[in-house]
Amino acid sequence: MGTTRPQPNYYEILGISPNATPQEIRQAYLEAVRRWHPDRNKTPEAHEVFLLVREAYEILSNPALRKDYDQRMGFTIAPRTEPILGTAPGPRAPQLRIRVSYDQIPPLDEPQVWYALLNLRSPWPEPERPHPLTLWFVLDQSNSMRKEGKMALQKAAVRYALNILRPEDQVGIVGFHDRPRLLLPLTPMKERGAIERALESLRPGGGTEIAQAVELTWRYAQQRLSQRGLTAIWLFTDGRTYGDEDRALSLARQWAEAGVICDTFGIGGDWNESFLEDLAAQTGGASYFLDSESTAQQLIPEKVERYHYATVRRARFTFTLSPQVQLTGLYRMSPEVAHLPTQSPVQLGLVRGGERWLLLLEMRLPPLRATHREGQTYQVLYGRIGLLPWGGGPEHEEGVVLQVRLGERAPSRPPRAVRHAVERLTWYRMQRASREALHRGQPHKARKLLRNLAARLTQRGRLRAAAQVKRVERRLRAGALPSAKDEKVLEYGTRLLMLPENVDAARRRRSS
Amino acid sequence: MIRCPVCGATALEGSLYCSECGSPLWEQEQAHDETTSPQTETRLLDACPAQVQLWLERDDVTVDLPGSGPWDLGRAAKSLPLTAYIRPQDGVSRRHARLYWENDRLYLVDLGSTNGTKINGQRLQPWQPVPVRDGDVVQMGRLRFYVHLIPHEATESNP
């Protein structure tokens, strides 16, 4: 989306949805005329708005012109609109649905928060045959992997992937401690024996140097990027890397450009979760806490199959924010929870058939009272999501225009989906805030946040999660610090709560 | 700035939930309208150790709570177990309190009600669950009832 102003959104001007009936259009028109007629409304912009209102009615009241207009606009861009009725399903049909916390907000003297939830489906069906997959395992063989069965867990996780990979897939392995070593060059899955021998050759010894490991992996991976299929890099670690985070992150941005996805898997309690999360998020991947073999068993085949059956090759969100608007958070709530970067462009990762992307945007709008008036439409964000198909062909584009009417706060409640998404995000942040309070040396505040979180989870029927939170709270009350593993359990527990209810339920069904 | 009605923390305009206590900051009265997901019920079905009976002294009626909970008590909907016995002057909120089983214990939590909830005369902090024992007396606004826990074997042998 360039800098040109898009065609006016006539539905927005009349304050109706794109599937409004002719009667609704007429009624909205009459109301708008009463409100904006220059004889009655003396504000400076009344004349201009009045002309727009008439123009809107001219187009929308004529079925042929309206149809033409709807098609040109690909009606998915207005907040809280349904896909237009009567649009044939097909690769070009609009796939994006946007809901916002409030579609009308007051222009205030102070900043305010505003949320948008983007629900995007792939325009293409799941492929009948899986895409060939090139999977690089970057495996931790530092000394600490000796303990607590972590090495066995890592190997088990890799085997869950190997078991579901197909003969045409390829695997490479890099092992790392103080320095990385290529344990297995890219090898077709047909040679499973060689892959197993490389996996068995992992020997613990030394520290954790992640940047060198990913650099080495990239040197090899780059030479053999899969043209037909997908290349993914899976980093497993139980530790922290010191001082080389930025090198690894800038490398991850190169991967994103090349269409390579990186997923990260933490083992045990000591790994640096924000680093692993950022590393994965740069590429549209996700980070996980592998606390047990059963987690790996559930998670890993699901991930491999998502890559095999991905409906798009790449999904990328580019956007421009209006001046002084801040994107304070961008969360992918489905299909895999991730805290995405807030700098455009953002890689969204992949979905398979039946899955969708669900993105929650939290924005802070500047004080608007001095510069804006009621009745105006305030543009918050312009952007587009580009979906690249498999096998060539142009990107499918979905325009993302977030705008909000200025006026009295709508008496309606925020849409249910937005409320739920934000509520889950709030739980996640309470847990995070509690840990931050603890690390700042404010155990009292940390406990209070945890108690409040447990009460909210209880009230919403999330009893297991509430029990986990209470357990940590009790430990704090007794004067003990929660173990690093407790913290990971909380972090990933509340993160999973961010999944939408139906996904959550489907997971539970699958796992039971 | 807006102020959270439950904990008093401040938040930016337009915020939907309080970052300190997690309470909804959009229209309060409707905030508690949502029922618990049905999954909760099935998950707890096996774990429910006793039948919960509420005895309303005033009307001398016994209300058996159906299923395994959680049960919301209030005047929000006819389907809630106590609604039929609540009078307007009782000062009971739409969703006043919740009873639920957890780890074989029955808990009571006040759902941020207007007139509060007491157990054995002690006022509950909103959103802070407390355990309930057989024979405890609960007061929601001015409505009083006793909680009785009937072991399952007993309900089966004396229907």
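For clarity, every value in this text was computed on a predicted model and none was experimentally measured.

## Let's talk about the overall build of chain B
Right, so step 1: If you tally the helices and strands in chain B, you get three helices and 12 strands.
Right, so step 2: Looking at the 159 residues of chain B, the share that counts as buried comes to 32%.

## A closer look at the interface of chain A and chain B
Right, so step 1: Taken together, the contacts link 31 residues of chain A with 26 residues of chain B.
Right, so step 2: When contributions to the side of chain A that touches chain B are tallied by element, the ones reaching two or more residues are β3 (112–121), α11 (416–439), α12 (443–459), α13 (463–477) and α15 (501–511) of chain A.
Right, so step 3: For the side of chain A that touches chain B, the leading source of residues is α11(A), giving eight residues.
Right, so step 4: Across the side of chain A that touches chain B, the residue classes tally to 17 nonpolar, seven polar and seven charged.

## Some remarks on the environment of B:W55
Residue and element names in this part refer to chain B.
Right, so step 1: Relative to the assigned elements, W55 resides in strand β3 (residues 50–56).
Right, so step 2: The exposure class of W55 is partly exposed, given the 16 C-beta atoms found within 10 Å.
Right, so step 3: The sequence separation of W55 and H148 amounts to 93 residues, and the corresponding C-alpha distance is 7.5 Å.
Right, so step 4: The contact partners of W55, leaving out residues within four places of it in the chain, are T62, F145, Y146 and H148.

## Some thoughts on the nonpolar core
Residue and element names in this part refer to chain A.
Right, so step 1: With 149 residues, the main nonpolar core has Y115, V138, I233 and W234 as its most contacted residues.
Right, so step 2: Element by element, the count of residues in this core is highest for α11, at eight residues.
Right, so step 3: Excluding its chain neighbours within four sequence positions, the residues that come into contact with V138 are V174, F176, A213, V214, T217, I233, W234, L235 and F236.
Right, so step 4: Counting 15 residues, the second-largest nonpolar core is a separate cluster that includes Y10, I25, Y29 and V53.

## Focus on the sheet that holds strand β12 (residues 338–339) of chain A
Residue and element names in this part refer to chain A.
Right, so step 1: Reading across the sheet, the five strands line up as β1-β3-β14-β11-β12 and stay open at both edges, with antiparallel pairing between neighbours. Strands at the two margins of the open sheet, each flanked by one partner only, are β1 (96–100) and β12.
Right, so step 2: Note that strand β11 (residues 326–334) and β12 share two bridges and pair antiparallel. Within β12, the position partnered with Y331 by the bridge is H339.
Right, so step 3: Contacts from α11 reach β1, β3, β11 and β14 (356–365), with the element oriented near 110 degrees to β3.

## Focus on the sheet that holds strand β8 (residues 261–267) of chain A
All names here are of chain A.
Right, so step 1: Spatial ordering of the open sheet is given by β6-β5-β4-β7-β8-β9, a layout of six strands whose pairing is mixed. Since the sheet does not close on itself, it has two edges, and those belong to β6 (180–188) and β9 (287–290), each with one partner. Neighbour-to-neighbour, the strand axes of this sheet turn through a mean angle of 15 degrees, independent of strand direction.
Right, so step 2: Two strands pair when backbone bridges link them, and β8 and β9 are joined in this way by four bridges, in the parallel orientation. Its bridge partner being in β9, I267 is matched across the sheet by L290.

## Here we look at the confidence of the model for chain A
It should be kept in mind that the predicted coordinates are not to be read in detail where pLDDT is low.
Residues and elements named next belong to chain A.
Right, so step 1: In the predicted model, chain A carries a mean pLDDT of 82, and the fraction of residues at 70 or more is 91%.
Right, so step 2: Taken element by element, the predicted model of chain A shows its lowest mean pLDDT in α15 (45) and its highest in β14 (95).
Right, so step 3: Taken together, the stretch residues 1–5 has pLDDT below 50 and engages in four contacts with residues farther than four places along the chain or on a different chain.
Right, so step 4: In the predicted structure, residues 76–92 sits below a pLDDT of 50 and forms 42 contacts with residues beyond four places in sequence or in another chain.

## Section: helix α7 (residues 210–223) of chain A
Residues and elements named next belong to chain A.
Right, so step 1: Over its 14 residues, α7 extends 21 Å from the first C-alpha to the last, a length consistent with the 20 Å expected when each residue adds 1.5 Å.
Right, so step 2: Buried within α7 are the following residues: I210, A211, A213, V214, T217, W218 and A221. All buried residues of α7 fall inside an arc of 155 degrees around its axis, so they share one side. Pointing more than 90 degrees away from the buried face of α7 are the exposed residues R219 and Q223.
Right, so step 3: Along its buried surface, α7 packs onto β4 (133–140), β5 (170–176), β6, β7 (230–237) and α8 (245–257).

## Considering unusual backbone geometry
Residue and element names in this part refer to chain A.
Right, so step 1: In this chain, S334 is followed by P335 through a cis amide linkage whose omega measures -5 degrees.
Right, so step 2: In this fold, P335 is placed in the loop between β11 and β12.
Right, so step 3: Geometrically, the link from S344 to P345 is a cis peptide bond, its omega value of -5 degrees lying close to zero.
Right, so step 4: When you line up the elements, P345 lands in the loop between β12 and β13 (346–347).
Right, so step 5: One non-glycine residue with positive phi stands out, namely Q324, at about 70 degrees.
Right, so step 6: When you line up the elements, Q324 lands in the loop between β10 (314–321) and β11.
Right, so step 7: Taking the number of C-beta atoms within 10 Å as the measure of exposure, Q324 has 12 and is therefore exposed.

Scoring rules and cut-offs
- Residues numbered from 1 in each chain as written.
- Chains lettered and ligands numbered in written order.
- Predicted model: local features only at pLDDT ≥ 70, side-chain atom pairs only at ≥ 80, totals over all residues.
- Helix = DSSP H or I, 4+ residues; strand = E, 2+ residues; numbered from the N terminus.
- Buried ≥ 20, exposed ≤ 12 C-beta atoms within 10 Å, placed from the backbone.
- Contact = placed C-beta atoms within 7 Å.
- Nonpolar A, V, L, I, M, F, W, Y, C, P; charged D, E, K, R; others polar.
- Core = buried A, V, L, I, M, F, W, Y, C linked by C-beta atoms within 7 Å.
- Pairing = 2+ DSSP bridges.
- Axes fitted to C-alpha atoms, helices over the stretch in contact; angles between N-to-C directions.
- pLDDT = per-residue confidence, 0-100.
- Expected span 1.5 Å × (residues − 1).
- Arc of directions from axis to C-beta.

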